[in-house]
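In case you want the letters, here they are:
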There are 2 protein chains.
Amino acid sequence: MRQLPHPDAKDIQLTEVLRVLGDPVRLELVVKLADGRELSCSSAGDDLDIHKSTLSHHYRALREAGVTRTRLNGRERMLSLRRDDLDARFPGLINSILTAAHPA
Amino acid sequence: MRQLPHPDAKDIQLTEVLRVLGDPVRLELVVKLADGRELSCSSAGDDLDIHKSTLSHHYRALREAGVTRTRLNGRERMLSLRRDDLDARFPGLINSILTAAHPA
DNA sequence: TCCATTGTTTGACAACCATCCAACTATAAG
DNA sequence: CTTATAGTTGGATGGTTGTCAAACAATGGA
């Protein structure tokens, strides 16, 4: 498995995006990726008191919904937000969600 | 029961809104309310092939999440989208969701 | 008063979900 | 080669969810 499967941008489903983001843990993870950085799985979840396997399931849900992209990098997996793809498909959506979620 | 309980605008939670809208049936219902009309429960669900009790549960979920308002009117219940409240709390969110969901 | 209409509630049920734990894979480092 | 690191996978579990069906409540009309 050299690469992880990601849905094409055109196949990203709105209800899937909303469903996946309708979980506090996953929304928090996405907020952490909002600034465009790539984060490893461990650094993305390091201040959440959640078992690593649970986080792994969340990462998969986010990836399969098309919300995040996962890049293999040695023994790490770098997560990033698929902002361009999401913006192209659902203009303004991610922005307004992140604005709403951002405590500042 | 003269009035149904609705959350205050300030108590509407983002994850609840996203979770509730992350269901195809409920999203469809909200799309139908997008133009600002009030719809009775039966007219809102008349072209969906779903049992009326199931729809009733969806209506409650939408109302309790703060997405819709339900007004008692005789033996009907009139549904409407709480667009102002949602817009005030999460600027642009409902708009971008409706735009994304709109088939045209 | 009786009946039709509108919608809710309760129960049942299968499916799904978030979580933890233990075992596993794969890569990097020594 | 051996060990440590980064994540995943599969099982188990308890809780939630979407659905239908049947019974119920409330209103309006005949």
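Computed from a prediction, not measured in an experiment: that's the story for all the values here.

A separate point is the sheet that holds strand β1 (residues 39–40) of chain B. All names here are of chain B. Overall, antiparallel pairing links the three strands, which are arranged β1-β3-β2 in an open sheet. The open sheet terminates on both sides in strands that have one partner only, identified here as β1 and β2 (68–73). Pairing analysis gives two bridges linking β1 to strand β3 (residues 76–81), with the strands arranged antiparallel. Its bridge partner lying in β3, Ser40 is registered against Met78.

Looking now at the protein's contact with DNA strand D. For DNA strand D, the set of nearby residues contains 22 residues, the closest of which are Ser42 and Ser56 of chain A together with Arg26, His51 and His58 of chain B. Per the 4 Å cut-off to the protein, sugar and phosphate atoms form 60% of the nearby atoms of DNA strand D. Here a phosphate oxygen of DNA strand D sits 2.8 Å away from a polar atom, N or O, in the main chain of His51 of chain B. At 2.9 Å from a base nitrogen of DNA strand D is found a side-chain nitrogen or oxygen belonging to Ser53 of chain B. Within the residue set of the surface near DNA strand D, elements represented by two or more residues are α3 (41–44), α4 (52–64) and β3 (76–81) of chain A together with α4 (52–64) of chain B. Tallied by class, the residues present in the surface near DNA strand D amount to two nonpolar, eleven polar and nine charged.

Turning to the UniProt feature "domain: HTH arsR-type" (unreviewed entry) in chain A, a few remarks are in order. Those residues carrying the UniProt feature "domain: HTH arsR-type" (unreviewed entry) are residues 6–101 of chain A in this numbering. Across residues 6–101 of chain A, the secondary structure splits into 52% helix and 15% strand, with the terminal C-alpha atoms separated by 25 Å.

What counts, and where the lines are drawn
Residues numbered from 1 in each chain as written. Chains lettered and ligands numbered in written order. Predicted model: local features only at pLDDT ≥ 70, side-chain atom pairs only at ≥ 80, totals over all residues. Heavy atoms only, no water. Pairing = 2+ DSSP bridges. Helix = DSSP H or I, 4+ residues; strand = E, 2+ residues; numbered from the N terminus. Near = heavy atom within 4 Å. Polar contact = N/O pair within 3.5 Å; in protein donor to acceptor, adjacent residues only side chain to side chain. Nonpolar A, V, L, I, M, F, W, Y, C, P; charged D, E, K, R; others polar. UniProt positions renumbered as here; feature names shortened; annotations may be inferred.

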